[in-house]
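# Examining the three-dimensional arrangement
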Amino acid sequence: MERIKNFFVRNTKKIMMTAVLALPVLFILNIYFSVPSQIILSEESEYTLKVGKFCSAEERIPAQETASGGKAFSREFSGGLSLNTQSQGRYSVTVRFLKIPLKTVQVTVTPKNYVIPCGEPIGVKMYTDGLLVVRISDVKAEDGSVCTPAKKAGVRKGDQILGINDTSVRTGEEFTKRLNEIRSELNLTVKRGEEILTIPVTPVQSAEDHRYKLGIWVRDSAAGIGTLTFYNPEAQSFAALGHAITDADTGQIMPIRKGNILTCRILSIHKGERGAPGEIIGTFSDRYLGTISRNSELGIYGTFADPSGFSFPEPVEVATRYQIREGAAEVLANIDGNGAKYYQAQILRVSKDGKADNKGLVVQITDPELLEKTGGIVQGMSGSPILQNGKIVGAVTHVFVNDPTRGYGIFIENMLAKAEKIK
C-alpha cells in the first residue's frame with residue numbers, strides 16, 4: 001500500500017494532466033456515439049436532432065436530389081437542428097464540435113404510410129413444412145433390447161423431416177404409415193438449418209404395440225390465440241403477434257407449410273401476477289379470415305380475405321422509430337369480446353441501436369381498467385397495436401415475468417417491412 005501511495009504522490013501531476021486531456025476525448029466520443037448515423041422519417045413530420053453543448057448541426061447539399069428540390073430542415077438552434085420534412089428524398093446533416101466536423105448523419109424522408117390498427121383477437125392454425133423433431137426417446141424392441149435408432153443414425157432434436165425415400169411426408173400419420181410399410185432401412189430427408197441431409201436409418205419393431213418406430217416424436221401443426229396488429233386494405237395484407245410462433249419443446253421458429261387466421265371468442269381472462277404471466281382464454285371457430293404465408297421472428301403475415309364483421313377504425317399514419325418519444329401512449333386491445341378499446345400506457349424506452357428485432361420498445365400499462373381486468377400484459381395480447389399522437393408506432397410482443405404491467409414492443413415499421421415482402 002505504501003508503494004502505491006508513493007507512486008501517486010510522485011505522479012500526481014502526470015495523472016491530472018492525463019485526466020484533463022482525456023475528458024474532452026471522452027466528451028467527443030459520447031457525442032459521436034449518441035448521434036444516430038441515419039434517420040428515417042415520413043414526409044411532413046417533425047424531428048429534433050439534439051447534439052449537445054458546444055456542438056451544432058447543419059444541412060449539407062442533399063445527398064440525392066429531392067422531389068421538389070427544397071430543403072428538408074427549417075431551423076437551427078444551439079446544440080441541435082429542427083427537422084421539418086416537407087420533401088421526400090435523401091439528405092445529409094453535418095454535426096460539428098465547435099467548428100470541427102464530427103459526424104455525418106444521413107436523413108431519408110419517405111412517403112407516408114397508412115394502415116388500420118386492429119387489436120382484435122384471432123385464432124391461429126398453422127401446419128409445418130415437414131415434421132419437426134421435438135424429442136428423441138428409447139424404443140424397447142420385441143427381442144427385449146432397448147435402442148434409439150434415430151439417435152444412432154444421427155437425427156437430432158430440432159431437425160425438420162421432409163421425406164422418406166424421396167417421398168414427402170406432411171403429417172405424423174403419414175410418417176408412421178410409411179415406417180410400417182417399409183419396415184427396413186430407409187432414407188430420411190432432413191433439413192438442419194440451411195443444410196439438406198440424407199440420413200439412413202432402420203426402424204425397430206416395438207414390443208409395446210408391435211409397430212415399427214425410430215424413437216422420435218414429431219410435430220406437424222400448432223394452434224393458439226393472438227392479436228391482429230394491422231390490416232392494409234390496399235394490399236389486403238395483415239400482420240399479427242409481433243413475434244414468431246415457436247415450438248414449445250425446441251424453441252425453434254416453426255417452418256410453415258400453410259396456415260389460417262380465424263375468428264376468436266374470448267371466454268375469460270387469467271389475470272397476470274408477478275412471476276406468473278396471465279392469459280386470454282378463448283376458443284376459435286372455423287370462420288376463415290385469412291391465409292398465413294410467413295411465420296418470422298417479427299410475427300405472422302399474410303392475406304386478409306374477410307374483414308366483414310369487424311368495426312375497424314380509420315387508417316392511421318405509420319410512425320418510424322425516430323418519431324417515437326418516451327411518454328404517454330395507448331394500447332389498442334379487445335380483452336372482453338366487446339370490441340377493441342384504447343387503453344392508457346407509457347413508453348418507457350425507445351431503442352436507439354436500430355436492430356430490427358421485436359424488443360425495440362419498453363411499454364407499461366397504466367390504464368386502471370385494463371390493470372384491474374388483466375393485471376397488465378397477458379398472453380394473447382401479443383400484437384396489440386401501440387399508438388402515440390394519433391400514429392401507430394408499434395405492437396406489444398412480450399410481458400416482463402416479474403412485472404406484468406410492463407413488456408416489450410416491436411417498431412411498427414419493422415412489421416410493415418415484413419408485410420410488404422409478401423405482396
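Above this text you will find the structure in question.
Worth saying up front: this structure is predicted, and the values here are computed from it rather than measured. (Residues numbered from 1 in each chain as written. Predicted model: local features only at pLDDT ≥ 70, side-chain atom pairs only at ≥ 80, totals over all residues. Heavy atoms only, no water.)

### Considerations on the overall build of the protein
Selection criterion: Runs of H or I in DSSP of at least four residues are treated as helices and runs of E of at least two as strands, each being numbered from the N terminus. Per-residue accessibility, obtained with a 1.4 Å probe over protein chains only, is compared with the maximum for each type, and a residue is labelled buried under 20%, exposed over 50%, and partly exposed between these values. It only takes one pair of heavy atoms within 4.5 Å for two residues to be counted as in contact. Here the Shrake-Rupley method, with its probe set to 1.4 Å, supplies the accessible areas, and only the displayed protein chains count as covering residues.
Each helix and strand counted, the protein has six helices and 28 strands in total. The proportion of buried residues among the 423 residues of the protein is 45%. Partitioning the contacts of the protein with sequence separation of at least 6, the portion at a separation of at least 24 is 66%. Total accessible area computed for the protein in this model is approximately 21,800 Å², and 50% of it derives from carbon and sulfur atoms.

### Structural notes on the pattern of salt bridges
Inclusion rule: Each reported salt bridge corresponds to a side-chain nitrogen of Lys or Arg within 4 Å of a carboxyl oxygen of Asp or Glu.
Applying the stated rule across the entire model yields twelve salt bridges. Between Asp247 and Arg219 there is a salt bridge, with the nearest N and O atoms lying 2.2 Å from each other. Here Asp247 is found in the loop between strand S18 (237-240) and strand S19 (256-270), whereas its partner Arg219 is found in strand S17 (residues 216-232), with 28 residues between them in sequence. According to the relative accessible area criterion, Arg219 is partly exposed, its value standing at 27%. Lys373 is paired through a salt bridge with Asp336; the nearest N and O atoms lie 3.4 Å apart. With Lys373 in helix H5 (residues 368-374) and Asp336 in the loop between strand S23 (327-333) and strand S24 (341-350), this residue pair connects regions lying 37 residues apart in the sequence. Look at Lys373 and you get partly exposed, because its relative accessible area is 33%.

### Looking at the environment of Val393
Assignment of secondary structure puts Val393 in strand S27 (residues 391-400). When the C-alpha atoms of Val393 and Leu361 are compared, they prove to be 9.6 Å apart, with 32 residues separating the residues in sequence. If near-sequence neighbours (up to four positions away) are discounted, Val393 is found in contact with Ala319, Ile324, Ile347, Leu361, Ile386, Leu387, Gln388, Ile410, Phe411 and Ile412.

### A closer look at the pairing of S19
Our working definition: Should DSSP find at least two bridges between two strands, the strands are regarded as paired.
Bridging between strand S8 (residues 114-136) and S19 involves seven bridges; their strand directions are antiparallel. Paired with Gly123 across the bridge in S19 is Leu262. Pairing analysis gives nine bridges linking S19 to strand S20 (residues 279-296), with the strands arranged antiparallel. Within S20, the residue paired with Arg265 across the bridge is Thr283.

### Some details on the side chain of Ser351
By secondary structure assignment, the location of Ser351 is in the loop between S24 and strand S25 (361-365). If we skip the residues at most four places from it in the chain, Ser351 touches Arg321, Gly360 and Phe411.

### Quick notes on the sheet that holds S24
Two modes of strand pairing occur in sheets, parallel and antiparallel, and in both the strands are linked by backbone hydrogen bonds. This is how it is decided: Geometry is summarised by axes, namely lines fitted to C-alpha atoms with helices restricted to the contacting stretch, and by angles between N-to-C directions that run from 0 to 180 degrees.
Spatial ordering of the closed barrel is given by S23-S24-S25-S28-S27-S26, a layout of six strands whose pairing is antiparallel. In this sheet, neighbouring strand axes are inclined to one another by 45° on average, regardless of whether the strands run parallel or antiparallel. Pairing of S27 with strand S28 (residues 403-411), which is carried by six bridges, proceeds in the antiparallel orientation. Directly across from Ala395, in S28, lies its bridge partner Ile410.

### Quick notes on the side chain of Thr320
Examined against the element boundaries, Thr320 turns out to sit in the loop between strand S22 (316-317) and S23. Here Thr320 falls in the buried class, since its relative accessible area comes to 7%. Thr320 has contacts with Ile40, Leu41, Ser42 and Glu413, leaving out every residue within four places of it along the chain.

Function cannot be read off these values alone, since they describe shape.
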